[in-house]
Amino acid sequence: MRLLVFIVISWMGFLQNYVLGQEKPVSSLDIRILESIAETRTEPQTQTFKVLSDINNYVQIAVPVGLLVAGAVNDDKTMRQNALYVASSTAVTALVNVGLKHLFKRSRPFKKYPNFISVRTAGGYSFPSGHTSSAFATASALSRAYSKWYVVAPSLLWASSVGYSRMYLGVHFPSDVLAGAVLGAGSSFALDGLKK
């Protein structure tokens, strides 16, 4: 577990130095990817990605609550324990995410590049993506607790879709989303001892 925490912290340091810290090629790649995504926007896709982004927070609550209720109804201690594991992974991710945002203080794409047109605006800092980190924390913890393909595939598809929605809407750079995915998945691995 310490090794995983060390790897995540080291990776975040790398990102601070090379993605956020004035290495123009990576920063240019970030905005070029966002601009290429923006060129493909359609109204139906925009509505879909708005909904995906908006309901993410409800999913983060519904998954552990659903496990807890099902565990209580079925008197299943393992399911109740896994509800705690999923909720803890998401909560730890959220706390670390807030700390990292204040540490890196990266501007949102539409603020850093005024000519870039986003679908939405968002307050606060950009790095790492909170929506993506919470989605990957929940998806990874759920997948680790119930490692069947019919749990893993939809969970990771959901988390990936949330991450993509944040880029599509223009509120996060690709590197924000990548860091959020690593943070979320890393939290679930770090708290692996909580699962049954």
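For every chain, the first residue of the written sequence is number 1, and numbering continues from 1 along that sequence. Where totals are concerned, whole chains, interfaces and linings use all residues; where local detail is concerned, this predicted model gives features only for residues with pLDDT of at least 70, and gives and counts side-chain atom pairs only at 80 or more. As a rule here, side-chain values cover all heavy atoms of the structure and leave hydrogens and water aside.

Asker: Explanation requested: the packing of helix α4 (residues 77-104) against helix α8 (residues 174-190) in the structure shown.
Answerer: Angle between the axes and distance between the axes are the two parameters that describe a pair of packed helices. Here, axes are lines fitted to C-alpha atoms. For helices the fit covers the stretch in contact, and angles between N-to-C directions go from 0 to 180 degrees. Helix numbers and strand numbers start at the N terminus; a helix is a DSSP run of H or I with at least 4 residues, a strand a run of E with at least 2. Packing of α4 against α8 leaves a shortest axis separation of 9 Å and a crossing angle of 135°. The pairing of α4 with α8 is recorded here as oblique in orientation. You can see that α4 and α8 cross each other, and the crossing is right-handed. Counted together, Y85, S89, V92, T93, V96, N97 and L100 of α4 and L183, G184, S187 and S188 of α8 form the full contact between these two elements. Taken together, the residues that form the contact of α4 with α8 break down as 5 nonpolar, 6 polar and no charged. Roughly parallel means an angle under 35 degrees; roughly antiparallel, over 145; roughly perpendicular, 65 to 115; everything else is oblique. The sense of a crossing depends on the near helix, which, turned anticlockwise from the far helix by less than a right angle, makes the crossing left-handed and, turned clockwise, makes it right-handed. When checking whether two residues touch, look at their non-hydrogen atoms; a contact exists if any pair is within 4.5 Å. Under the scheme applied, nonpolar residues are Ala, Val, Leu, Ile, Met, Phe, Trp, Tyr, Cys and Pro; charged residues are Asp, Glu, Lys and Arg; polar residues are all the others, including Gly.

Asker: Can you help me understand the packing of aromatic side chains in this one?
Answerer: A ring pair, where both rings are aromatic, is described by two values, the distance of the centres and the angle of the planes. Only Phe, Tyr and Trp rings take part, Trp by its six-membered ring, and two of them pair if their centres are within 6.5 Å. Stacked means planes under 30 degrees apart, edge-to-face means over 60, and tilted covers everything else. Per the counting criterion, the structure on display carries 6 aromatic pairs. Seen in terms of ring centroids, Y164 and Y168 are 6.4 Å apart; in terms of plane orientation they differ by 45°. Their pairing is tilted. Highlighted residues: Y164 and Y168, both in helix α7 (residues 149-168), separated by 4 residues, approximately one helical turn. Take Y168: its relative accessible area is 0%, and that puts it in the buried class. Here the aromatic cluster, defined as three or more aromatic residues joined through ring pairs, consists of F49, Y164 and Y168. One Lys or Arg, R41, reaches over the ring of Y168 and ends 5.8 Å from the middle of that ring. Burial classes: relative accessible area under 20% of the type maximum marks a residue as buried, over 50% as exposed, and values in between as partly exposed (1.4 Å probe, protein chains only). Criterion for a charge above a ring: Lys NZ or Arg CZ within 6 Å of the ring centre, and within 35 degrees of the ring normal.

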